[in-house]
Amino acid sequence: MNLKESQIIKVAIDVPVDDLFDYRCSEQVDVGQFVVVPFGSRKLIGIVVEVDVNTTLPLNKIKEVIRVDEESLFNTELFKLFRFVASYYQYPIGQTIHTAVPSRIKQGVTRGKKKNYIFNASNNLSYEVIHGFPKNQKNLIKIATQLLTQPMNEIELKTVSNWKKHIEYLINHDLVTQVEITPEAPQHSAPLILNSEQSEIVEQIKKTKGFEAFLIHGITGSGKTEVYMHLIDSLIKNEGQVLVMVPEINLTPQLEDRFQSRFHTKKIVSLHSHLSQPDRLENWRLAKSGEAQIVIGTRLSVFTPFKNLTAIMMDEEHDMSFKQQDNLRYHARDVGMMRAKLLNIPFIAGSATPSMEIWHRAVNEKKLKLLSLTKRANEDATLPRVDLIKTSQDLDEPLSTYLKDAIQHRLDQQQQVLIFINRRGFAPVLFCSSCGWQADCNRCSSKLVVHKNKQQLRCHHCDYQRTIDSSCQECGNVDLMTLGKGTQKIEEQLARLFPLARIKRVDRDTIKNKKDLDQLYADMHDQKLDILVGTQMLSKGHDFPHLTLVGILDADHALYSSDFRAGERLFSQLVQVAGRSGRASIKGEVVIETNFPEHPLYKKIQSQDFNGFAKEELQLRKELHFPPFVMQAMLKTESKNKKYLEAFVTQCFQFMSNLPSKVTCFPPVRPYLERLQGFERSHIYMQSNNRTELNHFLSELRSFISAMKISSRVKWVIDVDPVEF
Ligand SMILES: [Zn+2]
Ligand SMILES: [Zn+2]
């Protein structure tokens, strides 16, 4: 073939290499299209990033593209974002781009969701026409005759063999028409009337031209969603599209219905991991084509292509799930804000307990405009009263007398109760009363958790499980005890104390999937349950009008945590849980059991004073040189072999210490879980006051590691702005 006839294109491939790859292409091809290319002995999917470029390689070394697909996946705007993300998070550009490619396309399947049709006879179809069909075409005649009396769907047609061929024939001869079946939209619901605070916020944001970032700080129950909806209403008027990001656990059918019933003539799609692959691809394409005007999605949706995106919104900004914890470790908030900037559109984040990062940027650096909702949207609803009660010291009676009385009082009035337990530090472990032995996981440095109903011990970090021991592995003592309260133990006690109450335990054993969770919410709404006992999955954005008492048991572990964000998380979690109580007109109550009722953090939670909490927390972070006052990064390493790991981190640390830079590096440390799933782990922290400097430093570190021989024996990753340690 004549080399001059083809052009050179740069292609992003899903491999851990920092560069794009040069290929020859003799077909017409554009930026964003996807291609199949030879790579070594394999055929891989690649995304065209640049066309018609010059190459430094000899032409005969450059391979030819195997196939060009006609679908274009991304536009130029997104490539700018990808380059920013790859550089900021120190992740190979090809892999960064492929993070945003729907997995179905990566698997080489481009077919989206199958559409359902209904078939109708056209005016041309008549008994005379059917009479004219060849007599041996019995099935064709059968279908046509039935269609003359009534329309048919695919399920009805499937009873006839070769129905597709016959229908195709009828359609091609204009005898039958097909119409796509779309699910019925829920009842239309009119917009609620905003209170003065809400409408002021809507007006302020509506005035924005171009990029501006907003933080809506609204107490729980202040009607943030209603504010988003009013904004969306004005934004999508002229074919505009809006992206609404929410935490995975909040993206429920109820939320989708709420949006759909408000905007019942608009196309709304969701993007989250519970969708089937074909549905997800279909929704992604509807966003790309501009047909879907509202896209509700989890963190990954920040990379969705849009035709005419006019605003990016993020609800529950404080939620940890917005930060990806493997591979490309991006934070959807920071990527979303950058994308809004590149597109010159507004970015709107909201939370009752914003992260210290965004709060600092809004309050101190004025990079976001802070807008506050200080009243509950339902005028009769007020914030719940919070009582701090000393924890019961009796292991067999985990609930304090105060809480027991409070529960009885609520049950007497047919109201609902939520008992919230922090999983960590609370799980029951197996303990030998004579030698002190505890059952550990062999693969992780953690204790195994007792699951009594299954007579099992289970590791909550790697899912290892085995039958419960009948005797101590150290001394043979058969008198083994279970330490720690645990959800099951508390459920038992509640059942004993309140024999008539309908109690439901909510944890990984009882709620296995989204369907179970939806059922649970339905039962709560219909008052088929009186008491819920559970862990954090209950704490987020659901309204239960009959829930008036929340009991929180022993949250104290956060007070001793080595993670500097533990206090922030505890505050946020408890305020969110407390916010579940008393959404309607009955005054809610929250009882927090603690060993330290006088602790300043609990006092702040008691007054639900976020501003006061944030002020002190930020002051402390400033003094201790913690984010958001410094930028952090972490080199996380793991290996099955401890020697390799130690040699690796020692070499890395030496290299880092010798680099001429103002970035501070701390000697390698073993994390809280030294061993996880059979891997030894070690971390090196870095911090700096200067983002650019930190970024350069990390690039150099990355080149150094890539050139190290030992690096293939160790798994390593750079985590920029880490939130988990
Ligand atoms: Zn023992
Ligand atoms: Zn384990």
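Above this text you will find the structure in question.
In what follows, the accompanying structure is described. (Residues numbered from 1 in each chain as written. Chains lettered and ligands numbered in written order. Predicted model: local features only at pLDDT ≥ 70, side-chain atom pairs only at ≥ 80, totals over all residues. Heavy atoms only, no water.)

## Looking at helix α13 (residues 356-363)
No. 1: Burial runs high along α13: 7 of the 8 residues are buried.
No. 2: If you follow the buried residues of α13, they end up packed against β9 (213-218), α12 (332-343), β14 (347-351), β15 (369-373), α17 (566-578) and α19 (610-624). (Buried < 20%, exposed > 50% of the residue type's maximum accessible area, 1.4 Å probe, protein only. Helix = DSSP H or I, 4+ residues; strand = E, 2+ residues; numbered from the N terminus. Contact = heavy atoms within 4.5 Å.)

## Observations concerning the packing of aromatic side chains
No. 1: Counted under the stated rule, the structure contains 18 aromatic pairs.
No. 2: Pairing F74 with W284 gives two aromatic rings, centres 6.2 Å apart and planes at 90°, and the pair type is edge-to-face. Of this pair, F74 sits in the loop between β5 (67-72) and α1 (76-88) while W284 sits in helix α11 (residues 277-289), and the two are 210 residues apart along the sequence. In terms of burial, F74 and W284 fall into one category: buried. (Phe/Tyr/Trp six-rings, centres within 6.5 Å; stacked < 30°, edge-to-face > 60°.)

## Remarks on the pattern of salt bridges
No. 1: Under the counting rule described, the total for this entry stands at 36 salt bridges.
No. 2: With a closest N to O distance of 3.2 Å, R702 and D18 form a salt bridge. Pair noted here: R702 is in helix α21 (residues 691-707) and D18 is in the loop between β1 (7-13) and β2 (21-25), with a separation of 684 residues, a long-range link.
No. 3: Given the relative accessible area of 14%, R702 is considered buried.
No. 4: Overall, the relative accessible area of 44% leaves D18 in the partly exposed class.
No. 5: Residues R258 and E226 are paired through a salt bridge, measuring 3.6 Å at the closest nitrogen-oxygen approach. Of the two residues, R258 sits in helix α10 (residues 253-262) while E226 sits in helix α9 (residues 224-235), which places them 32 residues apart along the sequence.
No. 6: Taking the relative accessible area as the measure of exposure, R258 reaches 35% and is therefore partly exposed.
No. 7: Under the relative-accessibility criterion, E226 is labelled buried at 5%.
No. 8: A cluster of three or more residues bridged by salt bridges with shared partners is formed by E317, R333, D334 and R361. (Salt bridge = Lys/Arg side-chain N within 4 Å of Asp/Glu carboxyl O.)

## Quick notes on the sheet that holds strand β10 (residues 241-245)
No. 1: If you trace the 7 strands from one edge of the open sheet to the other, you get β11-β12-β10-β13-β14-β9-β15, paired in parallel fashion. Whereas interior strands pair on both sides, the edge strands pair on one side only; in this sheet they are β11 (268-271) and β15. Mean inter-strand twist for the sheet, computed between neighbouring axes without regard to direction, equals 20°.
No. 2: Packing against the sheet, helix α8 (residues 196-206) makes contact with β9, β14 and β15, and its axis sits at approximately 160° to β15. (Pairing = 2+ DSSP bridges. Axes fitted to C-alpha atoms, helices over the stretch in contact; angles between N-to-C directions.)

## Let's talk about the coordination of the zinc ion (ligand 2)
No. 1: Looking at the zinc ion (ligand 2), one finds its protein donor set to be C441 (SG), C444 (SG), C459 (SG) and C462 (SG), positioned 2.3 to 2.4 Å from the metal centre.
No. 2: Each of the 4 donor atoms around the zinc ion (ligand 2) contributes to a set of angles spanning 105 to 114°, which defines the coordination as tetrahedral.
No. 3: Of note, the zinc ion (ligand 2) draws all its donor residues from one chain, in the sequence arrangement C-x2-C-x14-C-x2-C. In this pair, C444 is assigned in the loop between β18 (429-432) and β19 (449-451) and C462 in the loop between β20 (456-458) and β21 (465-467), connecting sequence segments 18 residues apart. For the pair formed by C444 and C462, the shared burial category is buried. (Donors = N, O, S within 2.8 Å, 3.2 Å for Na, K, Ca; no water. Tetrahedral: all angles 85-135°; square planar, octahedral: opposite > 155°, others 65-115°.)

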